[in-house]
Amino acid sequence: MKKIVIGIFLLLLTNSYAQSFLYELSDNIDNYKNKNITMIMKLKYYDTLFQVITFYDAKNHDISFDCIDVMKQPWFLQQKNNLHPGMEYNVTFTVKGLGNMKEIIAQLQYFEPVILQKIP
């Protein structure tokens, strides 16, 4: 019983931290510049024409990535065949800077469905 309560507490703590993290990242961009960040986010859409993939966090803050650099990598080819909007993904990206409208400029490094980590 204690393990379940601790697990739920950690899950709530993690969710509340992730909810505000994109906002915190844009406010403190100098602390995160050129660092790899991994977040659990949901897929919003993948634009095959312009090769842009967009994820959103629990507070519906979007982050879009240009996929041209990773398009030919084997992990991306495998993942793009199984993309589902609304599904949770572990998204790893490198923060590059901040745009004129306080949008985060980042380079996508890797993403995979969270469900794959839960399967034994």
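For the structure itself, consult the block above.
Residues numbered from 1 in each chain as written. Predicted model: local features only at pLDDT ≥ 70, side-chain atom pairs only at ≥ 80, totals over all residues. Heavy atoms only, no water.

## Focus on the overall build of the protein
Okay, step 1: A count of helices and strands for the protein gives 5 helices and 5 strands.
Okay, step 2: Secondary structure elements of the protein occur, N-terminal to C-terminal, as α-α-α-β-β-β-α-β-β-α.
Okay, step 3: Expressed as a percentage of its 120 residues, the buried residues of the protein come to 34%.
Okay, step 4: At a minimum sequence separation of 6, the contacts of the protein that also span at least 24 residues come to 53%.
Okay, step 5: Of the roughly 8,100 Å² of accessible surface on the protein, 57% is carried by carbon and sulfur atoms. (Helix = DSSP H or I, 4+ residues; strand = E, 2+ residues; numbered from the N terminus. Buried < 20%, exposed > 50% of the residue type's maximum accessible area, 1.4 Å probe, protein only. Contact = heavy atoms within 4.5 Å. Areas by Shrake-Rupley, 256 points an atom, 1.4 Å probe, with all protein chains shown as cover.)

## Some thoughts on unusual backbone geometry
Most peptide bonds are trans, and most residues other than glycine sit at a negative phi.
Okay, step 1: The backbone phi angle of Asn34 is positive, close to 65 degrees, even though this residue is not glycine.
Okay, step 2: Phi is positive for Asn60, which is not a glycine, with a value near 65 degrees.

## Regarding the sheet that holds strand β1 (residues 36-47)
Okay, step 1: In spatial order, the strands read β3-β2-β1-β4-β5; together these 5 strands make up an open sheet with antiparallel pairing. Both edges of this open sheet fall to β3 (62-66) and β5 (104-113), since each of them pairs with a single strand only. In this sheet, adjacent strand axes meet at a mean angle of 45 degrees when their direction is disregarded.
Okay, step 2: Two elements, strand β4 (residues 88-98) and β5, share 9 bridges in a ladder whose sense is antiparallel. By the bridge assignment for β5, Leu98 is matched with Ile104. (Pairing = 2+ DSSP bridges. Axes fitted to C-alpha atoms, helices over the stretch in contact; angles between N-to-C directions.)

## Observations regarding the pairing of β4
Looking along a regular strand, one sees the side chains alternate between the two faces of the sheet.
Okay, step 1: Buried residues dominate β4, accounting for 8 of its 11 residues.
Okay, step 2: Linkage of β4 to β5, two consecutive antiparallel strands, is achieved through a turn of 5 residues, within which Lys102 is found at a positive phi near 60 degrees.

## Digging into the packing of aromatic side chains
Okay, step 1: Counting across every chain of the model gives 10 aromatic pairs.
Okay, step 2: Ring geometry for Trp75 versus Tyr110: centroids 4.8 Å apart, planes at 55 degrees, classification tilted. Of the two residues, Trp75 sits in helix α4 (residues 74-80) while Tyr110 sits in strand β5, which places them 35 residues apart along the sequence. (Phe/Tyr/Trp six-rings, centres within 6.5 Å; stacked < 30°, edge-to-face > 60°.)

## Describing the side chain of Asp57
Okay, step 1: Considering the arrangement of structural elements, one finds Asp57 in the loop between β2 (52-56) and β3.
Okay, step 2: Although Asp57 is buried, it forms no salt bridge, and the closest oppositely charged side chain is Lys59 at an N-O distance of 8.6 Å.
Okay, step 3: Among the polar contacts made by the side chain of Asp57, one reaches the main-chain amide nitrogen of His61 at a distance of 2.8 Å. (Lys, Arg positive; Asp, Glu negative; His and termini not counted. Salt bridge = Lys/Arg side-chain N within 4 Å of Asp/Glu carboxyl O. Polar contact = N/O pair within 3.5 Å; in protein donor to acceptor, adjacent residues only side chain to side chain.)

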